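This is what each chain is made of:
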Amino acid sequence: MITIIFNGVDTTLINRKFDVETILPVIVAGQIGDNYELETIKAQAVIARSNLYRTVKEQKSLNSVLNQIRDEIKNKSLKSLYLLIMQDKYERAVKETKGKVITWENKLKLVPFHEISAGDTRDGEEVFHSEEDAYLKSVHSSVDKESEDFLNSVYINKNILPKELEIKSRDSAGYVTELLADGKVLEGESFRMGMGLSSANFTIQTIGNKVRFLCKGKGHGLGFSQYGGNEMAKNSKTEEEILEYYFPEMEIVEIDAVMSK
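It should be emphasised that the depicted structure is a prediction, and the values quoted were computed from it without experimental measurement.

What counts as what
- Residues numbered from 1 in each chain as written.
- Predicted model: local features only at pLDDT ≥ 70, side-chain atom pairs only at ≥ 80, totals over all residues.
- Heavy atoms only, no water.
- Helix = DSSP H or I, 4+ residues; strand = E, 2+ residues; numbered from the N terminus.
- Buried < 20%, exposed > 50% of the residue type's maximum accessible area, 1.4 Å probe, protein only.
- Contact = heavy atoms within 4.5 Å.
- Phe/Tyr/Trp six-rings, centres within 6.5 Å; stacked < 30°, edge-to-face > 60°.
- Pairing = 2+ DSSP bridges.
- Axes fitted to C-alpha atoms, helices over the stretch in contact; angles between N-to-C directions.
- Salt bridge = Lys/Arg side-chain N within 4 Å of Asp/Glu carboxyl O.
- Core = buried A, V, L, I, M, F, W, Y, C linked by side-chain atoms within 4.5 Å.

1. A short note on the overall build of the protein chain
Thinking step 1. Helices and strands together make up the secondary structure of the protein chain, namely 11 helices and 10 strands.
Thinking step 2. Sorting the 261 residues of the protein chain into buried and exposed places 46% on the buried side.
Thinking step 3. When contacts within the protein chain are restricted to residue pairs at least 6 apart in sequence, those whose partners lie at least 24 apart make up 70%.

Here it is, written out as structure tokens:
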């Protein structure tokens, strides 16, 4: 499966009736560490399956889908991926959730996930400015604040930043949506990615010739908080209960009921 991902379908002999389930352990291994609880990894497996089928249904090209997956996991070496998927957790997570996807109004939609929220996950309609993303509701995930990685500081030299940089607006979860940079408006998430910040939920402080960005959480803050979900799993919650909490507007169904439409 790893060979298929990195080389593409065109250069690999595979069965014409390619089974999506066979590739999922690799995808899930690239998205979440094996130090998480099994139920958390199972929740991630349902998310990965949902996003994969959505992409397949939209693009209708397995090779382009595999190329996209390859890009997503490019930061992991082949050796580390082999070691990860040899962990029984990933195979178990896929097998024990076989065929399960999470949908909205029986449609496959984007199911986002991140490592640690800033205490609340973000509202989809607020982030994307579209009613089509209203199925992504903000939920409390205050347990994330207990993570050792909740706070992260990044120091950047003033001379590579705009002379005047200030936060213009935040969303209801506290994430920066717009900044003013020498009078120009910058989008918050794009700025944090360009600057290598762990989260767009940050404050700005000038210290000498550097600017300190103090960030809360890790990732974009939308959808499933892996840390929060893992704490639920430690308290005996199942993958379905975890997903129902982080996606209250969505429903877990069998993929056959969706793909047949």
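2. A closer look at the side chain of T40
Thinking step 1. Tracing the backbone shows T40 in helix α3 (residues 38-59).
Thinking step 2. We classify T40 as buried; its relative accessible area is 0%.

3. Structural notes on the packing of aromatic side chains
Thinking step 1. In this structure the tally under the stated criterion is 6 aromatic pairs.
Thinking step 2. Ring geometry for F191 versus F202: centroids 6.1 Å apart, planes at 40 degrees, classification tilted. Here F191, found in helix α8 (residues 188-195), pairs with F202, found in strand β7 (residues 202-207); they are 11 residues apart in sequence, far enough to count as distant.
Thinking step 3. Residue classification places F191 among the buried residues on the basis of a relative accessible area of 8%.

4. Description of the pairing of strand β8 (residues 210-216)
Thinking step 1. Taking every second residue as pointing to the same face, the buried face of β8 carries V211, F213 and C215, while none of K210, R212, L214 and K216 on the other face is buried.
Thinking step 2. Pairing between strand β3 (residues 151-157) and β8: 7 bridges, direction antiparallel. Across the sheet, the residue bridging to S153 is L214, located in β8.
Thinking step 3. Bridge count for β7 against β8 is 6 bridges, and the pairing is antiparallel. Pairing of I207 across the sheet is with K210, part of β8.
Thinking step 4. Between β7 and the antiparallel strand that follows it, β8, lie 2 residues; G208 among them carries a positive phi value of about 65 degrees.

5. Focus: the sheet that holds β7
Across a sheet, paired strands are connected by hydrogen bonds in the backbone, their directions being either parallel or antiparallel.
Thinking step 1. The strand order across the open sheet formed by 3 strands is β3-β8-β7, and the pairing between neighbours is antiparallel. Of all strands in the sheet, those with a lone pairing partner are β3 and β7, marking the two edges. Strand-to-strand, the axes of this sheet are offset by a mean angle of 20 degrees, without reference to chain direction.

6. Thoughts on the pattern of salt bridges
Thinking step 1. In this structure the tally under the stated criterion is 15 salt bridges.
Thinking step 2. Its salt-bridge partner being K100, residue E239 comes within 2.9 Å of it at the nearest N-O pair. Taken together, the positions of E239 in helix α10 (residues 239-246) and K100 in strand β1 (residues 100-103) put the pair 139 residues apart, joining distant regions of the chain.
Thinking step 3. According to the relative accessible area criterion, E239 is buried, its value standing at 4%.
Thinking step 4. Its relative accessible area of 17% is what places K100 among the buried residues.
Thinking step 5. Residues E115 and K218 are paired through a salt bridge, measuring 3.7 Å at the closest nitrogen-oxygen approach. In this pair, E115 sits in the loop between β2 (113-114) and α7 (124-128) while K218 sits in the loop between β8 and β9 (224-225), placing the two residues 103 residues apart along the sequence.
Thinking step 6. Ionic contacts of the salt-bridge type, sharing partners, join the residues E39, K42, R92, E96, K100, E239 and E240 into one network.

7. Regarding the environment of L52
Thinking step 1. Within the secondary structure layout, L52 lies in helix α3.
Thinking step 2. In this structure, the C-alpha to C-alpha distance between L52 and L108, residues 56 residues apart in sequence, is 9.7 Å.

8. Quick word on the nonpolar core
Within soluble globular proteins, side chains that are nonpolar tend to cluster in buried spots.
Thinking step 1. Counting residues in hydrophobic clusters, the biggest one holds 22 residues, and the most contacted among them are L24, V28, I41 and V101.
Thinking step 2. Listed by contribution, the elements that provide at least two residues to this core are α2 (20-31), α3, α6 (88-96) and α11 (255-259).
Thinking step 3. Those residues within four positions of I41 in sequence are excluded, and the remaining contacts are V28, I32, G33, D34, Y36, K89, Y90 and A93.
Thinking step 4. Ranked by size, the runner-up nonpolar core spans 17 residues in total, among them V46, V111, V139 and M232.

By themselves, these figures tell us nothing about what the structure is for.
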